[in-house]
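# Examination of the molecular architecture
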Amino acid sequence: MEIRTITRHGVPELFRILRAAGPHGHREWPLTDEATLVATLDNSRLDPDLGRWSIGYEDDMPVGYALVEPELNIGRILVGLATVEGRDDSLGSLLQDGVTRAQELSDQDRFEIHVAVRDTESKSIVDALEAAGFSVVRTVLKMRVDVSQVELPDSPAPPGFIVRDADMSDAVEATSVTDLHNACFSSSWGFSPNTVEEIADRTAADADRNGFAPIVVSADASDGKIVGYNWITLSEGDGRVEMVGVHPSMRGKRLGWTIFNAGVERLIAHGATALVLDVDSENPPARRIYESAGYRTYSEVSYYGLDVVKS
């Protein structure tokens, strides 16, 4: 098999591979049209022009891909891979390509490589990972509820707080949201702190694609300080709660339910027929909250890890 690192010129072939591979890994790739995928790739972690993607070819036919996604500020590089149906024999070579490029990408003496595998994927990918020395380090649950079955508690904004759209085009607001985002999840497994530029770029793409503000915030009415947020997206009828959080110093005031409800109501108003989210399997309190709202687990994603020590 020949493996070639691609640029944006190779996105049409990548789009066809992603559609043929079906659900895999931890992401829900937008596959309604190629333009939407291109918009999704417009950030430093996924940009093909930065050497993030490679495609494997057999007899000049694309059969699979490998993606390296750096999160070097937490000492991790994610490697994504999948093949088209019937080409599981290519997984080992694509995995090796991803591992090699990850090693070239990192300047750290020691780091981890993680590969996310969905429970619906072929066992061949697990076999390839275990043969390369990977083992399971964490499991994330994918949860879903039809909007007709969602059960949200009545949770108006507490006195002194308001809920509004975030203006991510404003530099000060974008910085406030990014700082809150990082503060909410600094102790969460696998969380890689984002920069203002990363958040602004992604939310701008979300707004263009969905036609509404992707982040709603809860703020102190007296000074406007943002204390909670809900980052939402919509794709093919699935309304996704990407991230929802309340500043650690403001927890216990039911602001979480207030901001969660506001995002869900926005998604339903814009045509969501189902609501989806991901949650760490080792976060029972969050699972109970989502289950109380009607969410149920429909798939599991296991993260396989490999500790890399450069000689």
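Structure's up top.
Now for a look at the structure at hand. Because the structure is predicted, anything quoted here is derived from the model rather than measured.

### So, the packing of aromatic side chains
Across all of its chains, the model carries 8 aromatic pairs by this definition. Here tryptophan 53 and tyrosine 65 contribute two aromatic rings whose centre-to-centre distance is 5.2 Å and whose plane-to-plane angle is 50°, an arrangement assigned as tilted. Remark: tyrosine 65 occurs in strand S3 (residues 61–71) and tryptophan 53 occurs in strand S2 (residues 53–58); sequence separation between them is 12 residues. Neither residue differs from the other here; tryptophan 53 and tyrosine 65 are each classed as buried. Seen in terms of ring centroids, phenylalanine 260 and tyrosine 290 are 5.8 Å apart; in terms of plane orientation they differ by 35°. Their pairing is tilted. Taken together, the positions of phenylalanine 260 in helix H7 (residues 255–269) and tyrosine 290 in helix H8 (residues 284–292) put the pair 30 residues apart, joining distant regions of the chain. A single burial state applies to phenylalanine 260 and to tyrosine 290, both of which are buried. Between arginine 76 and the ring centre of tryptophan 189, over which it is positioned, the NZ or CZ distance is 5.5 Å.

### With respect to the pattern of salt bridges
With the rule as written, the count across this model stands at 25 salt bridges. Taking the shortest distance from any N to any O, the salt bridge between arginine 118 and glutamate 28 comes out at 3.2 Å. With a gap of 90 residues between them, arginine 118 in strand S5 (residues 110–118) and glutamate 28 in the loop between helix H1 (11–21) and helix H2 (34–40) connect regions that are remote in the sequence. Take glutamate 28: its relative accessible area is 38%, and that puts it in the partly exposed class.

### Focus on the sheet that holds strand S12 (residues 296–309)
Strands sit in the order S1-S2-S3-S4-S5-S12-S6-S11-S10-S9-S8-S7 across an open sheet of 12 strands; the sheet is mixed. Looking at which strands have only one partner, the edges of the open sheet turn out to be strand S1 (2–5) and strand S7 (161–165). For this sheet, the mean angle separating the axes of adjacent strands, direction not counted, is 25°. Contacts from helix H6 (residues 196–210) reach strand S8 (215–220) and strand S9 (226–235), with the element oriented near 45° to S9.

### Some points on the packing of helix H3 (residues 91–105) against helix H4 (residues 123–131)
Look at H3 against H4: their axes get within 9 Å of each other, and the N-to-C directions meet at 50°. Between H3 and H4, the crossing angle belongs to the class labelled oblique. H4 is crossed by H3, and the crossing has right-handed handedness. Seen from H3, the contacting residues are Leu91, Gly92 and Leu95; seen from H4, they are Ser124, Ile125, Ala128 and Leu129.

How each quantity is defined
Residues numbered from 1 in each chain as written. Predicted model: local features only at pLDDT ≥ 70, side-chain atom pairs only at ≥ 80, totals over all residues. Heavy atoms only, no water. Phe/Tyr/Trp six-rings, centres within 6.5 Å; stacked < 30°, edge-to-face > 60°. Helix = DSSP H or I, 4+ residues; strand = E, 2+ residues; numbered from the N terminus. Buried < 20%, exposed > 50% of the residue type's maximum accessible area, 1.4 Å probe, protein only. Lys NZ or Arg CZ within 6 Å of the ring centre and 35° of its normal. Salt bridge = Lys/Arg side-chain N within 4 Å of Asp/Glu carboxyl O. Pairing = 2+ DSSP bridges. Axes fitted to C-alpha atoms, helices over the stretch in contact; angles between N-to-C directions. Contact = heavy atoms within 4.5 Å. Parallel < 35°, antiparallel > 145°, perpendicular 65-115°, else oblique. Left-handed = near helix turned anticlockwise from the far one by under 90°.

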